[in-house]
Amino acid sequence: MIMQKEYLDDMKEHIMGMDEKEFKKRGTTKEAVLSSSDIMERLWCMYQKDVEDYGCDKEFSLCDAGNEVI
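First things first, this report covers the structure right here in the doc. (Residues numbered from 1 in each chain as written. Predicted model: local features only at pLDDT ≥ 70, side-chain atom pairs only at ≥ 80, totals over all residues. Heavy atoms only, no water.)

1. Examining the pattern of salt bridges
Close approach of charged atoms lets side chains of opposite charge pair. Applying the stated criterion across every chain yields a total of 6 salt bridges. Of the charged contacts in the structure, one is a salt bridge between Asp53 and Lys49, with a shortest N-O distance of 3.5 Å. Linked through salt bridges whose partners overlap, the residues forming this network are Glu22, Lys25 and Arg26. (Salt bridge = Lys/Arg side-chain N within 4 Å of Asp/Glu carboxyl O.)

Laid out in structure tokens, this is it:
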């Protein structure tokens with residue numbers, strides 16, 4: 001799969017719009033997630049794969065990736 005930057009940009013925008021409480025429940029912070037290249041790459045990959053390989057809609061895929069990775 002060729003990674004497309006638009007998916008990374010979507011994921012960053014989604015994370016920035018999330019409530020900080022969602023991160024605290026998972027033992028992290030929004031800033032920590034956004035600054036971790038490893039976490040962001042995993043989120044990006046899962047999100048893009050959900051959309052392109054499985055045909056899921058973008059909103060579901062953003063939430064699904066966040067729930068699985070964070």
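2. Comments concerning the packing of helix 1 (residues 5-17) against helix 4 (residues 37-52)
Between helix 1 and helix 4, whose axes approach to 9 Å, the crossing angle comes to 110°. Classified by the interaxial angle, the pair formed by helix 1 and helix 4 is roughly perpendicular. Crossing of helix 1 over helix 4 shows right-handed handedness. Facing helix 1, whose interface residues are Lys5, Tyr7, Leu8, Asp10, Met11, Lys12 and Ile15, helix 4 presents Met40, Leu43, Trp44, Tyr47, Gln48, Val51 and Glu52. (Axes fitted to C-alpha atoms, helices over the stretch in contact; angles between N-to-C directions. Helix = DSSP H or I, 4+ residues; strand = E, 2+ residues; numbered from the N terminus. Parallel < 35°, antiparallel > 145°, perpendicular 65-115°, else oblique. Left-handed = near helix turned anticlockwise from the far one by under 90°. Contact = heavy atoms within 4.5 Å.)

3. What to know about helix 5 (residues 58-69)
Its 12 residues give helix 5 an end-to-end C-alpha distance of 16 Å, which sits within 8% of 16 Å, the value for a rise of 1.5 Å per residue. Residues of helix 5 that are buried: Ser61, Leu62, Asp64, Ala65, Gly66 and Val69. Against the buried residues of helix 5 lie helix 1 and helix 4. You can read the cap of helix 5 off the contacts: a side-chain oxygen lies 3.2 Å from the backbone nitrogen of Glu59, and it is on Asp57. (Expected span 1.5 Å × (residues − 1). Buried < 20%, exposed > 50% of the residue type's maximum accessible area, 1.4 Å probe, protein only. Polar contact = N/O pair within 3.5 Å; in protein donor to acceptor, adjacent residues only side chain to side chain.)

Nothing here speaks to function; it is geometry throughout.
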